[in-house]
Amino acid sequence: MTDLAGAGLGNADIALRRLVESLTQRFPDVDPAQLERRVHATYGSLREEATAESHLIALTEGKVTDDLREQGATVHVRSEDGGGLTDEGERPERTPDDSQATKGAPLGPPD
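Each chain carries its own residue numbering, running from 1 in the written order of its sequence. Owing to the predicted nature of the model, reporting of local features is limited to residues with pLDDT of at least 70; listing and counting of side-chain atom pairs is limited to 80 or more, with chain, interface and lining totals taken over all residues. Only heavy atoms go into the side-chain values, all of them from the structure, while hydrogens and water stay out.

**Q** Got a minute to help me understand helix H1 (residues 12-26) in this structure?
**A** The α-helix advances 3.6 residues per turn, and as a result positions three or four apart in sequence lie on the same side. Helix and strand assignments follow DSSP, with helices taken as H or I runs no shorter than four residues and strands as E runs no shorter than two, numbered in order from the N terminus. Multiplying 1.5 Å by the helix residue count minus one yields the expected span of that helix. An ideal rise of 1.5 Å per residue puts 21 Å on 15 residues; H1 measures up with 21 Å between its terminal C-alpha atoms. The rule is simple: take the accessible area with a 1.4 Å probe, protein chains only, and divide by the maximum for that residue type; under 20% is buried, over 50% is exposed, in between is partly exposed. Of all the residues in H1, the buried ones are Ala12, Ala15, Leu16, Leu19, Val20 and Leu23. Projected onto a plane normal to the axis of H1, the buried residues spread over an arc of 140 degrees and lie on a single side. For H1, the exposed residues lying more than 90 degrees away from the buried face are Arg17, Arg18 and Gln25. Contacts were defined at the residue level, with two residues in contact if any of their heavy atoms lie within 4.5 Å. In this structure, the buried side of H1 is in contact with helix H2 (32-49) and helix H3 (56-70). Within 3.5 Å is the distance limit for a polar contact, defined as a pair of N or O atoms, with the added protein rule that one can donate a hydrogen and the other accept it, and that residues adjacent in sequence qualify only through two side-chain atoms. Measuring from the side-chain oxygen of the N-cap residue of H1 to the backbone nitrogen of Asp13 gives 2.7 Å; that N-cap residue is Asn11. As used here, the arc belongs to the directions running from the helix axis to the C-beta atoms.

In structure tokens, the structure reads:
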């Protein structure tokens with residue numbers, strides 16, 4: 001099994017703490033203690049069956065996020081321009097003068 005430190009992830013506890021903080025911002029209506037329990041339980045479950053640990057944090061995030069969405073939790077996403085929060089699926093339309101626009105990246109919603 002790959003060591004988390006060797007995979008460039010550092011300490012798993014720190015990564016899990018950061019994941020809980022991120023999910024707390026994305027799901028402000030969910031109790032932070034509940035998010036922490038879910039993250040640690042999901043990580044533990046995934047780790048038991050893992051043959052490598054390099055993607056466990058990302059897999060944990062995806063599983064917890066999917067589970068919360070299925071249970072009706074609202075995802076709050078900060079808009080790309082840094083202003084305000086938008087509900088899930090409501091992405092602000094990008095314009096050519098957006099500071100984050102990159103050469104070759106599609107602008108606005110796909111046709």
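**Q** What's the story with the packing of H1 against H2 in this structure? I'm lost.
**A** Packed helices, taken two at a time, are described by the angle their axes make and the gap between the axes. Helix axes are fitted to C-alpha atoms over the stretch in contact, other axes to C-alpha atoms as well, and angles between N-to-C directions run from 0 to 180 degrees. With their axes 9 Å apart at the nearest point, H1 and H2 run at an angle of 135 degrees to one another. The orientation of H1 with respect to H2, classified from their angle, is oblique. In the crossing of H1 with H2, the sense of the turn from one axis to the other is right-handed. On H2, the residues touching Ala12, Leu16, Leu19, Val20, Leu23 and Thr24 of H1 are Pro32, Leu35, Glu36, Val39, His40 and Tyr43. When residue character is reported, Ala, Val, Leu, Ile, Met, Phe, Trp, Tyr, Cys and Pro are called nonpolar, Asp, Glu, Lys and Arg charged, and the others, Gly included, polar. Among the residues making up the contact of H1 with H2, the classes are represented as nine nonpolar, two polar and one charged. Throughout this description, any angle smaller than 35 degrees is read as roughly parallel, any larger than 145 degrees as roughly antiparallel, any in the 65 to 115 degree range as roughly perpendicular, and the remainder as oblique. It is the rotation of the near helix from the far one that decides the hand of a crossing: anticlockwise by less than a right angle makes it left-handed, clockwise makes it right-handed.

**Q** Teacher, can you tell me more about the packing of H1 against H3 here?
**A** Viewed as axis vectors pointing N to C, H1 and H3 meet at an angle of 30 degrees, and their least axial separation amounts to 11 Å. Relative to H3, the element H1 lies roughly parallel. In terms of crossing hand, the pair formed by H1 and H3 is right-handed. Every residue of H3 that contacts H1 at Ala12, Ala15, Leu16, Leu19, Ser22, Leu23 and Arg26 is listed here: Ile57, Thr60, Glu61, Val64, Thr65 and Arg69.

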